[in-house]
Amino acid sequence: MAAAGCLFHRTLARSRPGTNKASPSSSVVCREFLYVVDLQRYTRDQGFPVYFPQAVLKGDDLYDATLSDGDCRVQVTLDPGLNRLVERNILRPGLAVRHATFSTAITAQLPECSGAFGEGDSYRLVSLEVKDEDEEVGVRWSDVDWDSLPWFGSSKTEAGPLVPLRASRSVFLPLWNNVDYSGEVWMEAPATDKEGAGQEAEEEPEEGRCPAVTISKLRESYLYGRRGITRGAVQHELIVRIINKSHLMYYGRTDRNCECPYKAVLEVHDRTGNVWVVLWNSVCVSWYRCLKPGDIISLRRYRVKQHYQAELNDIEISVNSRNPAAQISVLQESSVSPDYLPPAPTYSFYNSKELLDRPNGAECDVIGLLTFSGRPERIRSKDGRGVELLEYRWLRLEDGMSEQPVMVKLFSTSQPETHLRLYPLSVVVCTRLKVVRSSDQSHNCFYLTNTTYTQVYCTGQGHHSEMSYRRLRPVRQFLQWLRSQDDEEVLNRALIGGFFIYPPPPVSLETYMKDRRGELGFLQGAELKREVERLCYRERHTFCIQATITMVTYSRRGEEDRCLFWTDRASSLCPSSASSSSPSSRHRYASPPSSPSYFSQLPLLSTPHSFRPPLSSSPSSPSLSLASPSSLVSKSTPCPPDRRAGKSWKRKQLLQADTPTKRSPRITLQPEQNNKTVILFEASMEFLENTNSDDNNDEDDEDDDNDDEDTSSFVTAHTLPAFSPVAVETLPMRYDHTHREEQVAAVAMGGRVTPERFDSTLDGYYTLRLRALSDGVLIDTVFLPHASSSSPAPLLSSHSNTWTSILSHGAFSSHTPPPSPGDLIAMASRLTNQRLVCIVEACHLGGATTELVLSRAFQLTH
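Scoring rules and cut-offs
Residues numbered from 1 in each chain as written. Predicted model: local features only at pLDDT ≥ 70, side-chain atom pairs only at ≥ 80, totals over all residues. Heavy atoms only, no water. Helix = DSSP H or I, 4+ residues; strand = E, 2+ residues; numbered from the N terminus. Buried < 20%, exposed > 50% of the residue type's maximum accessible area, 1.4 Å probe, protein only. Areas by Shrake-Rupley, 256 points an atom, 1.4 Å probe, with all protein chains shown as cover. Core = buried A, V, L, I, M, F, W, Y, C linked by side-chain atoms within 4.5 Å. Contact = heavy atoms within 4.5 Å. Phe/Tyr/Trp six-rings, centres within 6.5 Å; stacked < 30°, edge-to-face > 60°. Salt bridge = Lys/Arg side-chain N within 4 Å of Asp/Glu carboxyl O. Arc of directions from axis to C-beta. pLDDT = per-residue confidence, 0-100. Pairing = 2+ DSSP bridges. Polar contact = N/O pair within 3.5 Å; in protein donor to acceptor, adjacent residues only side chain to side chain. Disulfide = S-S within 2.5 Å.

Asks: So what's going on with the overall build of the protein? Residues and values would help.
Replies: Counting secondary structure elements, the protein contains 19 helices and 33 strands. For the protein, buried positions account for 56% of its 862 residues. About 37,600 Å² of surface is accessible on the protein, with carbon and sulfur atoms providing 48% of the total.

Set out below in structure tokens:
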């Protein structure tokens, strides 16, 4: 039981009514700071209208939050009106909140679960204020062992695992996808006493074990006989080897109360054939993490059914936790009779050269040295549901067999720990990938992506030493090449995070329209603004808009108060209505107007400013600027005076701070102890157990040499153009092997990159302000034409380096030196009144930050 002096006792306990006498509308406010220890997601079920009668159409997800005052913890449910805070990563673990309004819930509304409070009370979080991250609150996050704090309202010394408060579910979903598992209830190793195993399992011989039935006999009996041994639950022992393992499949529905709606498919075989084994519901929780391809397993008390794809005249084996409770055990190879030992899994490894000739859709296995690990992003599912967000990241693998690296678009594989350890300079093996070829034949671009059975293995987790592929010839050839590589050379081209697009979009409007089947889906400026506001955290989307360019700026990261720029119109420097947020990051959030009783308690916008209904609910002005090349939080800058509106203002200006900021030196990683292959050698040793820097430096030197020239060519301006600096997450970082865990955690979902903490590959970037032809809305976008030299997959193209060709290719020509920023800004006047089809890549980076990158702009000729 928590101490009587804690905040929850002074607030929540006092407001607690008598048993079964509470009103759902009663509320209490905790004005002191509380800490968000954890956030957990689950899908609603049939009881949702009872718990939230005014939020029936608020989406499929519910969130439980674990809050603490430093003395104890409490589990509460977020009102669905606050879901958007989690979906946009505004409310996240590690933050402090205050002025939290709680509404009580009576016992009759609470599902029977171990997460309920001892007294039967539960609370719903209705509104809150998120504190400024720089504000001191008295308790440092690292000073408290949050998991050891007692639970408010519970007298149990050791509470069991938490379960959802507002749905009949036994497990939580990950915050950002439906494929991975989440929580400690997912067992990593088999329990010592599985259901139904008991004494029968102990009587089995340790050697010479033989199956009582084979796959061929099961298939023959079910499909061609009178069912015989396959009628009802099959008691006969089946011994098989796992050759493929699917990712987890979540099938939870809002109109069903299934406690654990999961399934997973194992492809297994013995000496007589292959078959699919389907793990259902809680069997996935107990066994999914314990099983891997190559394992030999024994099955009893299973059911044989028609294969789930009815068009296939085949069988599948259904393994469930009841009716009957199946028996599963993992066997050692030595315990199985040699006459019945299932064959080892087979692999189809292809190197980068061989992949060039593989057809679209062909499956393959690959091994390579990871030299680029992209930031995780999400896209909307294309399976027709339109609800699920699929998490993915890009990987670049090198194997020395060709100049073209292997690009992998890796979606979640239900291996979250492995995905968090995908560091550059790791040796990565991906199995059961498929080839995807670009429709643009001019570049012969292809990449690999997931199938249902894709699995990933990397160094650092002991995977390679356990897998049979380590003895295969393609793997041994790769290891031989790996040992010839130099650590420093690989480190110089190793990248992590940042904006990345692949395959590169076409360089002509005709080809682009052909890829989109003639339908570009042009948006008006106001429509684009609304679509961007709808994006969830790390959700990526491509938008098309017809626009003209009214301003071009060139800035160096961290020195935005000193920039080169050209502008076509004075009005473009200062939009008549700014959409920027206040510099303060403390906000008050509440349920939207659908719950008027909660919203009416909130004050108006004030210094610790409060959350009002979403901006999208207010009418948009045609002149409203969609702020931010990469952020909706804009730096406060004065607007220039009106310079005879209606006339072009085409001055080239250099904005110079009073005290120029000295550029920070680039960090160069050196190999350890004069050994040039330490990192790569250690990576290769696991198999025995049971964009380059020079070009960028040259470019930096050239930029430094041109500084004086640029300064002499431009005059100092009295005002700054109003645009926001590029987000730190937009620019790829050089891999820092010494701080790899911190770097990967910063790029991961929910992570935050600290400015100047790691070295970026790019110092400078362009900002292009677009004016929508349809309604005049202004949109600031980042443009990175000089990123091609340090890109994970550089595009080799030759063109004239004019603005028209640079915009259509999205990069400078690879065959000629790029123009200096001063020269490019000087040529920007040629963009005046050019009507363009602009391709904008949008990605929400969390909170008020949205990244808008201009990937292509095609000139409209008629």
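Asks: Could you give me a rundown of the nonpolar core, with the residues and numbers involved?
Replies: Core analysis: the biggest nonpolar cluster contains 38 residues, and Trp 186, Leu 218, Tyr 262, Leu 279, Tyr 302 and Val 319 have the highest contact counts within it. Broken down by secondary-structure element, the contributors of at least two residues to this core are helix H5 (215-223), strand S8 (238-245), strand S10 (262-270), strand S11 (273-280), helix H6 (282-287), strand S12 (296-300), strand S13 (302-306) and strand S14 (315-319). With near-sequence residues (within four places) excluded, Tyr 302 lies in contact with Val 213, Leu 218, Gly 232, Ala 233, Val 234, His 236, Leu 238, Ile 317, Ser 318 and Val 319. The next biggest cluster of nonpolar side chains, apart from the first, holds 34 residues, and it includes Leu 535, Ala 547, Phe 812 and Ala 842.

Asks: Lay out unusual backbone geometry with the relevant residues and their values.
Replies: At the junction of Asn 323 and Pro 324, the peptide bond is cis and its omega measures out at -5° in the coordinates. Inspection of the secondary structure puts Pro 324 in the loop between S14 and strand S15 (327-331). Here the amide bond leading from Tyr 502 into Pro 503 is cis, since omega sits at -10°, within 30 degrees of zero. Within the secondary structure, Pro 503 sits in the loop between strand S22 (495-496) and helix H12 (509-515).

Asks: So what's going on with the packing of aromatic side chains? Which residues, and what values?
Replies: For the structure shown, the criterion picks out 23 aromatic pairs. Centre to centre, the rings of Tyr 35 and Trp 146 are 5.3 Å apart; their planes meet at 45°, and the pair counts as tilted. Here Tyr 35 is found in strand S2 (residues 34-43), whereas its partner Trp 146 is found in the loop between strand S6 (122-130) and helix H4 (198-202), with 111 residues between them in sequence. Considered together, Tyr 35 and Trp 146 belong to a single accessibility category, that of buried residues. Taking the centre distance of 5.7 Å and the plane angle of 40° together, the rings of Phe 478 and Trp 481 count as tilted. Highlighted residues: Phe 478 and Trp 481, both in helix H10 (residues 473-482), separated by 3 residues, approximately one helical turn.

Asks: So, the pattern of salt bridges: which residues are in play, and what are the values?
Replies: For the coordinates displayed, the defined rule picks out 27 salt bridges. Note that Glu 87 and Arg 84 form a salt bridge whose closest N and O atoms lie 3.5 Å from each other. With Glu 87 and Arg 84 both in helix H3 (residues 83-87) and 3 residues apart, the pair spans about one turn of that helix. Its relative accessible area of 29% is what places Arg 84 among the partly exposed residues. Linking Lys 529 and Glu 533 is a salt bridge whose minimum nitrogen-to-oxygen distance equals 2.6 Å. Taken together, the residues Lys 529 and Glu 533, both in helix H13 (residues 525-534) and 4 residues apart, mark about one turn of the helix. Looking at Lys 529, the relative accessible area reads 7%, which means it is buried.

Asks: Outline H13, listing residues and values.
Replies: Listed in full, the buried residues belonging to H13 are Gly 525, Ala 526, Leu 528, Lys 529, Val 532 and Glu 533. All buried residues of H13 lie within an arc of 160° about the axis, which places them on one face of the element.

Asks: I'd love a proper account of helix H17 (residues 740-747), names of residues and values included.
Replies: Here H17 has its buried residues at Gln 743, Val 744, Ala 746 and Val 747. Within H17, the buried residues cover an arc of 160° as seen down the axis, which keeps them to one side. Where the residues of H17 are buried, they touch S22 and strand S29 (733-734).

Asks: So, the environment of Asp 64: which residues are in play, and what are the values?
Replies: Mapping Asp 64 onto the fold places it in strand S3 (residues 61-68). Sequence separation of Asp 64 and Leu 78 is 14 residues, and the distance between their C-alpha atoms is 6.0 Å. Look past the residues within four positions of Asp 64 in its chain and what remains in contact with it is Asp 38, Leu 39, Gln 40, Tyr 42, Gln 75, Val 76, Thr 77, Val 163, Pro 164, Leu 165 and Phe 172.

Asks: Tell me about the confidence of the model for the protein, and name the residues and values.
Replies: Across the protein, the average pLDDT comes to 79, with 73% of residues at or above 70. Mean pLDDT per element in the protein: helix H14 (residues 596-599) is the minimum at 28, and S8 is the maximum at 98. Confidence drops under pLDDT 50 across residues 193-202; counting only partners more than four residues distant or on other chains, this segment forms 14 contacts. Scored below 50 in pLDDT, residues 691-718 makes 49 contacts in the model with residues more than four places away or belonging to other chains.

Asks: I'd love a proper account of the pairing of S12, names of residues and values included.
Replies: Taken across its 5 residues, S12 has 5 buried, putting it largely inside the fold. Burial of S12 is two-sided: the residues Ile 296, Ser 298 and Arg 300 facing one way and the residues Ile 297 and Leu 299 facing the other way are all buried. The sheet contact formed by S8 and S12 spans 4 bridges and is antiparallel. Paired with Leu 238 across the strands is Leu 299, a residue of S12. Looking at chain direction, S12 and S15 are connected through 5 bridges and run antiparallel. Looking at S15, one finds that Leu 299 is bridged to Ile 328.

Asks: Account for the side chain of Ser 337, naming residues and giving values.
Replies: Summarising the element assignment, Ser 337 is placed in the loop between S15 and helix H7 (352-355). Setting aside its immediate chain neighbours within four residues, Ser 337 contacts Gly 208, Arg 209 and Cys 210.

Asks: Can you explain the environment of Arg 375? Please cite residues and give values.
Replies: Within the fold, Arg 375 resides in the loop between strand S16 (363-373) and strand S17 (377-380). What makes Arg 375 buried here is its relative accessible area of 4%. Spatially, the C-alpha atoms of Arg 375 and Trp 394 are 7.4 Å apart, while their sequence positions differ by 19 residues. In terms of polar contacts, Arg 375 uses its side chain to reach the backbone carbonyl oxygen of Glu 729, at 3.0 Å. At 2.5 Å, the side chain of Arg 375 forms a polar contact with the side chain of Glu 851.

Asks: Could you give an account of the state of the cysteines, with specific residues and numbers?
Replies: Here the structure, examined in full by the defined rule, presents 0 disulfides. Cysteine Cys 258 remains unbridged, with the sulfur of Cys 260 as its closest cysteine sulfur at 6.9 Å.

Asks: Which residues make up the side chain of Asn 281, and what values go with them?
Replies: Mapped onto the fold, Asn 281 is located in the loop between S11 and H6. Not counting residues within four places of it along the chain, the set of residues in contact with Asn 281 comprises Tyr 251, Cys 258, Cys 260, Pro 261, Tyr 262 and Asn 320.

Asks: Just give me the short version of the environment of Asn 244, but keep the residues and values in it.
Replies: Note that Asn 244 resides in strand S8. On the accessibility criterion, Asn 244 (12% relative accessible area) is buried. Once the C-alpha coordinates of Asn 244 and Tyr 453 are considered, the two residues, 209 residues apart in sequence, prove to be 6.0 Å apart. Ignoring any residue separated from it by four or fewer positions in sequence, one finds Asn 244 in contact with Val 265, Leu 266, Glu 267, Arg 432 and Tyr 453. For Asn 244, the side chain forms a polar contact with the side chain of Arg 432, separated by 3.1 Å.

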